[in-house]
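Each chain, letter by letter, is given below.
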Amino acid sequence: MQKRNTLKLIAACAMLMSASSAFSQEVIKIANIVELSGGGASAGTNFKNGVELAVKEINAAGGVLGKKIQTITSDTQSNPGVAKGLTQKAVDDEVFAIFGPVFSGSIMVSMAESRKAEIPNFTGGEAASITMQGNPYIFRTSFTQATAMPKVARYMSEQAKLKNIAIIYVNNDFGKGGLDMIRKALATSSTKIAAEISTDAGQVDFSAAVLKAKQSNADGVFVYTNEEESARALRELRKQGWNKPIVGETTLTGQKVIELAGEAANGAVAHVGLTVDAPIPAVRAFRAKFEREYKYISDHNGMKGYSGIYTLKAAIEKVGKLDRKAVAKAMHSLVVTTDKEPGILMNVAFDKNGDLDRESFLVEVKNGKQEVVATLPPLNSIAVNKPAAALAAKPAAPAKK
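Just so it is clear, the model here is predicted, and its values are computed rather than measured. (Residues numbered from 1 in each chain as written. Predicted model: local features only at pLDDT ≥ 70, side-chain atom pairs only at ≥ 80, totals over all residues. Heavy atoms only, no water.)

(A) Geometry of the nonpolar core. Ile69, Phe96, Phe99, Phe286, Ile309, Leu312 and Phe361 are the most contacted members of the largest nonpolar core, which totals 57 residues. No other element matches the eight residues that helix H11 (residues 300-319) contributes to this core. Of all hydrophobic cores here, the second largest spans 26 residues; its members include Met156, Met181, Leu186 and Ala374. (Core = buried A, V, L, I, M, F, W, Y, C linked by side-chain atoms within 4.5 Å. Buried < 20%, exposed > 50% of the residue type's maximum accessible area, 1.4 Å probe, protein only. Helix = DSSP H or I, 4+ residues; strand = E, 2+ residues; numbered from the N terminus.)

Here you go:
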């Protein structure tokens with residue numbers, strides 16, 4: 001009996017030693033769990049490429065704490081169930097951090113696994129509910145809807161001066177979260193909601209949705225759908241002769257949407273947290289590097305993946321060791337500035353929920369390209385140096401009619 005107990009004790013000690021030495025390995029393993037096929041392929045591919053570009057740069061410069069980063073990329077197929085399974089596999093592979101999924105519906109399911117394993121998980125998902133679960137291991141590389149929607153609501157009521165709007169939204173976690181937040185943001189404004197029009201993820205025909213928007217007699221339309229659906233909505237709006245303001249959030253004026261919508265995208269206005277057209281040297285340098293590497297122009301998702309890796313690097317270096325718990329704890333008060341870490345692209349601060357705050361932009365599509373028409377300050381006062389952008393005092397132009 002005593003011998004058996006001794007053997008059990010030795011085995012238990014061996015397991016503990018294995019766990020404690022999991023990150024004494026020669027590389028820092030990162031799981032890149034993203035949408036490479038299905039409805040999220042455009043967003044996921046850009047995010048993946050941004051991650052890999054940052055990793056390539058960091059490794060070429062000597063790595064993090066002298067260790068190289070190794071990425072393991074998996075395709076969620078834009079399926080939450082697949083994303084959950086891949087996250088479980090990443091846990092088994094003892095990765096240091098997980099990047100993705102990008103889609104809100106997938107991260108809402110998969111982050112339960114990274115939380116149980118106490119693995120820092122960075123996501124490009126924007127649904128407000130992602131960081132409202134009390135999960136200390138989830139961090140955004142983009143704005144939450146709770147941060148973004150007040151900015152776009154202010155634009156519609158105070159600058160575009162729209163008396164009422166029709167909202168076309170996608171009926172999933174992302175779209176419903178955005179609808180809820182834009183409702184709250186507009187509740188105390190002069191702009192009222194004339195119609196709420198639900199659409200499906202992957203929807204091809206937007207004729208009925210646009211007809212409902214026209215029948216509402218709204219002064220403008222707010223479009224909040226995924227990339228490919230946004231392009232279809234823009235084409236249908238123009239097809240039916242819509243000549244009133246078209247306003248949206250980041251996805252509405254992304255590079256992929258502009259390419260798919262063609263001339264129909266011209267005149268669309270959106271609040272964006274990130275854009276490769278921002279008048280910031282670090283952002284312009286990223287755009288050029290990304291285009292050289294992948295032969296196309298990155299959208300905001302590429303910037304999310306890229307800056308996310310540099311955020312992790314900054315957190316690890318602040319802690320000074322490869323300790324997942326300590327890095328997650330450091331993330332909740334992390335402030336990173338471009339003078340110390342150019343790869344972060346813009347000065348940024350993280351709060352207790354894992355949400356970030358930084359400057360953002362209003363853009364208008366002109367001649368098939370995003371043009372920054374205003375730079376908006378962070379919502380909260382954060383301990384960073386001078387703003388990186390150069391257009392903070394320039395007012396946004398009203399959306400074209």
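(B) Structural view of the sheet that holds strand E3 (residues 97-99). With parallel pairing, the five strands of this open sheet are ordered in space as E2-E1-E3-E4-E5. Only two strands of the sheet have a single neighbouring strand rather than two, namely strand E2 (68-75) and strand E5 (138-140). Within this sheet the neighbouring strands show an average axis-to-axis angle of 25 degrees, counted without direction. For strand E1 (residues 27-34) and E3, the ladder comprises three bridges, and the chain directions are parallel. Bridged to alanine 31 within E3 is isoleucine 98. Packing against the sheet, helix H3 (residues 80-92) makes contact with E1, E2 and E3, and its axis sits at approximately 170 degrees to E1. Along the sheet, H11 contacts E1, E2, E3 and strand E4 (121-123); its crossing angle with E3, the most-contacted strand, is approximately 165 degrees. (Pairing = 2+ DSSP bridges. Axes fitted to C-alpha atoms, helices over the stretch in contact; angles between N-to-C directions. Contact = heavy atoms within 4.5 Å.)

(C) How the structure looks around empty space enclosed by the protein. Across all of its chains, the model carries three cavities of 30 Å³ or more by this definition. By volume, the largest cavity is sized at about 80 Å³. Forming the boundary of the largest cavity are 13 residues, of which Gln255, Thr275, Asp299, His300 and Gln370 lie nearest the centre. Class assignment of the residues belonging to the lining of the largest cavity gives a composition of three nonpolar, eight polar and two charged. Contributing to the lining of the second largest cavity are Glu126, Ser142, Phe143, Glu249, Thr250, Gly273, Leu274, Lys304 and Arg358. Broken down by class, the residue content of the lining of the second largest cavity amounts to two nonpolar, three polar and four charged. (1 Å grid on protein atoms, 1.4 Å probe; cavity = no way out; pocket = protein on both sides within 12 Å on 5 of 7 lines; lining within 4 Å. Points joined across faces, edges and corners; volume = space filled by probe spheres on them. Nonpolar A, V, L, I, M, F, W, Y, C, P; charged D, E, K, R; others polar.)

(D) Spatial organisation of the environment of alanine 160. Structurally, alanine 160 can be placed in the loop between helix H5 (145-159) and strand E6 (164-170). Remark: the alpha-carbon pair of alanine 160 and threonine 191, spanning 31 residues in sequence, is separated by 10.0 Å.

(E) View of the pairing of strand E8 (residues 220-224). Taking burial as the measure, the five residues of E8 include five buried ones, the bulk of the element. Residue alternation in E8 divides its side chains into two sets, Gly220, Phe222 and Tyr224 and Val221 and Val223, and both sets are buried. Where E6 meets E8, five bridges bridge the pair, whose relative direction is parallel. Bridge assignment links tyrosine 169 to a residue of E8, and that residue is tyrosine 224. Here E8 runs beside strand E9 (residues 246-248); their pairing, made up of three bridges, is parallel. Across the sheet, the residue bridging to valine 221 is isoleucine 246, located in E9. Remark: the E8/helix H8 (residues 227-239)/E9 crossover connection has right-handed handedness. (Right-handed = clockwise from strand over helix to strand, strands pointing away.)

(F) Broad picture of the pattern of salt bridges. Summed over the entire model, instances satisfying the criterion amount to 17 salt bridges. In this structure, glutamate 317 engages lysine 313 in a salt bridge whose closest nitrogen and oxygen atoms are separated by 3.2 Å. Taken together, the residues span about one helical turn, with glutamate 317 and lysine 313 both in helix H11 at a distance of four residues. Relative accessible area serves as the criterion here: at 14%, lysine 313 is assigned to the buried category. Salt bridges sharing common partners tie together Lys84, Glu113 and Lys116. (Salt bridge = Lys/Arg side-chain N within 4 Å of Asp/Glu carboxyl O.)

(G) Main features of the packing of helix H2 (residues 41-60) against helix H10 (residues 281-294). As a packed pair, H2 and H10 sit with axes 11 Å apart at the nearest point and diverge in direction by 100 degrees. Between H2 and H10, the angle falls in the class roughly perpendicular. Seen from H2, the contacting residues are Asn46, Asn49, Gly50, Glu52, Leu53, Lys56 and Glu57; seen from H10, they are Phe286, Lys289, Phe290, Glu293 and Tyr294. Of the residues in the contact of H2 with H10, the class split is four nonpolar, three polar and five charged. (Parallel < 35°, antiparallel > 145°, perpendicular 65-115°, else oblique.)

(H) Region of the structure containing the packing of aromatic side chains. Counted by the stated rule, this structure contains nine aromatic pairs. Their ring planes at 40 degrees and their centres at 5.5 Å tell us that phenylalanine 122 and phenylalanine 139 sit as a pair that is tilted. On the criterion of sequence distance, the pair formed by phenylalanine 122 in strand E4 and phenylalanine 139 in strand E5 is long-range, its members being 17 residues apart. We note that phenylalanine 122, like phenylalanine 139, is buried. With a centroid separation of 5.6 Å and an interplanar angle of 50 degrees, the aromatic rings of phenylalanine 286 and phenylalanine 290 are classed as tilted. With phenylalanine 286 and phenylalanine 290 both in helix H10, this residue pair falls four residues apart, about one helical turn. Of the two residues, phenylalanine 286 and phenylalanine 290, neither departs from the other in class, the shared state being buried. Here a set of aromatic residues connected by ring pairs shows up, and it is made of Phe286, Phe290, Tyr294, Tyr296, Tyr306 and Tyr310. In this structure, lysine 244 is placed above the aromatic ring of tryptophan 242, and the distance from its NZ or CZ to the ring centre is 5.7 Å. Its end group placed over the ring of phenylalanine 143, arginine 358 keeps NZ or CZ at 6.0 Å from the ring centre. (Phe/Tyr/Trp six-rings, centres within 6.5 Å; stacked < 30°, edge-to-face > 60°. Lys NZ or Arg CZ within 6 Å of the ring centre and 35° of its normal.)

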